[in-house]
Amino acid sequence: MGNKLVGYGAYLPSRIMTNADFERIMDTTDDWIVTRTGIRERHIARDDETVVDMATIAAQRALENANITIDDIDMVIVATTTPELDFPSVGVQVLGRLGATKSQPAFDVRGACTGYIYALHTARAFFTAGIHKRIMIIGAEKMSRFIDWTDRSTAVLFGDGAGALIFEHSTSSYSGIIDTVVMADGDGYEMLHGTENHKIIMNGPETYKRAVMSMPHAARYIMEHAGITADNVDWIIPHQANLRIIESCAARLDFPLDKILVTVDKHANTSGASGVLALAYGFESGMIRHGQLILYPAFGSGLTWGAALIRV
Ligand code: ACO
């Protein structure tokens, strides 16, 4: 059984923190941040604003976009690495906030920055098995909870936000989530991980090296599997970690830069929310149109990496 995209929604906290704001609190410059990362600003949630709050607003907007209610959804999968509570899951809390009454299943997946690809992969499996008819995928992160405001090498990289996508079953096998691949390699722990006291430990150059190998690897796998080339793809939406990584991946894949959708300048790295937010931004800005083919590679802590092919 195939599937198709029927709704999207996004939420970004209203507080915007620019590079100039960082210049005021640490030894950094707008020029360093823009040159090394392409990031100009990021949205930072209020102290009392949670991952569940952001996920719920994005989910509500996706439901409105699809013109349905939460009880029309058969399953909710949330990609998040930064929930305030270990339990219950963000997915179940979103069901509660939206007043669901159908006892539909909801759960979270932790794939770090590859989380939304893990969520898409999981949804594809349920569609293929014919178990669920309408699945909502949410990517939601409050990365600012993990920011060490004294560490200039990581603090400037991240932002908060949430995005939601709704897919429903369809008889076409060449729409919606067409294909996905997810991979993991447990040797990456030292390179990039969070700590118990909510700090990010990152070897920047090593992370960069692995990112520019992994994302093209997953993208090539998907293109070979689908029998397509870069020419057939309308947009590539890479995980929005940093512009230099995105440009290097594009060069390795021989992808023209004008087919690459970039939001990292405005959102910074929102981890498991990044690709979902970027797709919603692409629609809202009129860059992405229904019917287009999107290649979606991502890379994250773990290591995890993967890609999806979606016709929107
Ligand atoms: N402002 C000014 N100087 C800084 C800053 C900053 N914000 N951060 C680091 N520096 C300094 C360092 O202290 C270092 O100074 P030193 O030479 O005096 O010791 C200097 O800049 C160079 O540091 P490098 O780490 O060599 O800089 P590099 O060119 O590697 O760029 C960066 C750093 C941007 C982090 C790069 O390694 C990178 O892009 N890595 C990928 C990391 C990433 O995107 N992580 C996101 C999470 S992973 C994910 O989403 C999958």
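Residues numbered from 1 in each chain as written. Predicted model: local features only at pLDDT ≥ 70, side-chain atom pairs only at ≥ 80, totals over all residues. Heavy atoms only, no water.

A. Looking closely at the packing of helix 3 (residues 51–66) against helix 4 (residues 90–97). Orientation of helix 3 relative to helix 4, taken along the N-to-C sense of each, is 60°, at an axis distance of 9 Å. The pairing of helix 3 with helix 4 is recorded here as oblique in orientation. Every pair of crossing elements has a handedness; the one defined by helix 3 and helix 4 is right-handed. Across the interface between the two elements, Val51, Val52, Asp53, Ala55, Thr56 and Ala59 of helix 3 pack against Val90, Gln93, Val94 and Arg97 of helix 4. Here the contact of helix 3 with helix 4 is built from residues that sort into 6 nonpolar, 2 polar and 2 charged. (Axes fitted to C-alpha atoms, helices over the stretch in contact; angles between N-to-C directions. Helix = DSSP H or I, 4+ residues; strand = E, 2+ residues; numbered from the N terminus. Parallel < 35°, antiparallel > 145°, perpendicular 65-115°, else oblique. Left-handed = near helix turned anticlockwise from the far one by under 90°. Contact = heavy atoms within 4.5 Å. Nonpolar A, V, L, I, M, F, W, Y, C, P; charged D, E, K, R; others polar.)

B. How the structure looks around the packing of aromatic side chains. Inspection of the entire model under this criterion finds 3 aromatic pairs. Measuring from centroid to centroid gives 5.9 Å for phenylalanine 22 and tryptophan 149, while their planes differ by 20°, and the two rings are stacked. Pair noted here: phenylalanine 22 is in helix 1 (residues 19–25) and tryptophan 149 is in the loop between strand 6 (134–142) and helix 6 (152–155), with a separation of 127 residues, a long-range link. Residue phenylalanine 22 is classed as buried on the basis of its relative accessible area, which comes to 0%. When the ring of tyrosine 116 is compared with that of tyrosine 296, the centres are 5.6 Å apart and the planes differ by 70°; the resulting orientation is edge-to-face. Remark: tyrosine 296 occurs in strand 12 (residues 293–300) and tyrosine 116 occurs in helix 5 (residues 115–129); sequence separation between them is 180 residues. Classification of tyrosine 116 as buried rests on a relative accessible area of 0%. Among the residues examined, tyrosine 296 registers a relative accessible area of 1% and is labelled buried. (Phe/Tyr/Trp six-rings, centres within 6.5 Å; stacked < 30°, edge-to-face > 60°. Buried < 20%, exposed > 50% of the residue type's maximum accessible area, 1.4 Å probe, protein only.)

C. Structural view of the sheet that holds strand 6. Strand order in the open sheet made by the 5 strands is 1-7-6-4-5, with mixed pairing throughout. Since the sheet does not close on itself, it has two edges, and those belong to strand 1 (2–11) and strand 5 (106–109), each with one partner. Each strand of the sheet is rotated relative to its neighbour by a mean of 20°, with strand direction disregarded. Across 9 bridges, the pairing between strand 6 and strand 7 (residues 160–170) is antiparallel. Within the sheet, the bridge partner assigned to glycine 139 lies in strand 7 and is glycine 163. Seen against the sheet, helix 4 touches strand 4 (75–79), strand 5 and strand 6 and runs at an angle of roughly 140° to strand 5. (Pairing = 2+ DSSP bridges.)

D. Seen up close, the site of the ligand. As a matter of local geometry, the ligand sits amid 24 residues, with Thr28, Arg36, His239, Asn242 and Asn269 nearest to it. Taking histidine 239, its side chain carries an N or O atom lying 2.8 Å from an oxygen atom of the ligand. For the ligand, the protein covers 72% of the area, taking 1000 Å² as the surface of the free molecule. Those elements that provide at least two residues to the shell around the ligand are helix 2 (30–37), helix 6, helix 7 (204–226), helix 8 (243–253) and strand 12. Ranked by residue count, the leading element in the shell around the ligand is helix 7, at 4 residues. (Near = heavy atom within 4 Å. Polar contact = N/O pair within 3.5 Å; in protein donor to acceptor, adjacent residues only side chain to side chain. Areas by Shrake-Rupley, 256 points an atom, 1.4 Å probe, with all protein chains shown as cover.)

Fair warning: the whole summary comes from geometry, so function is off the table for now.
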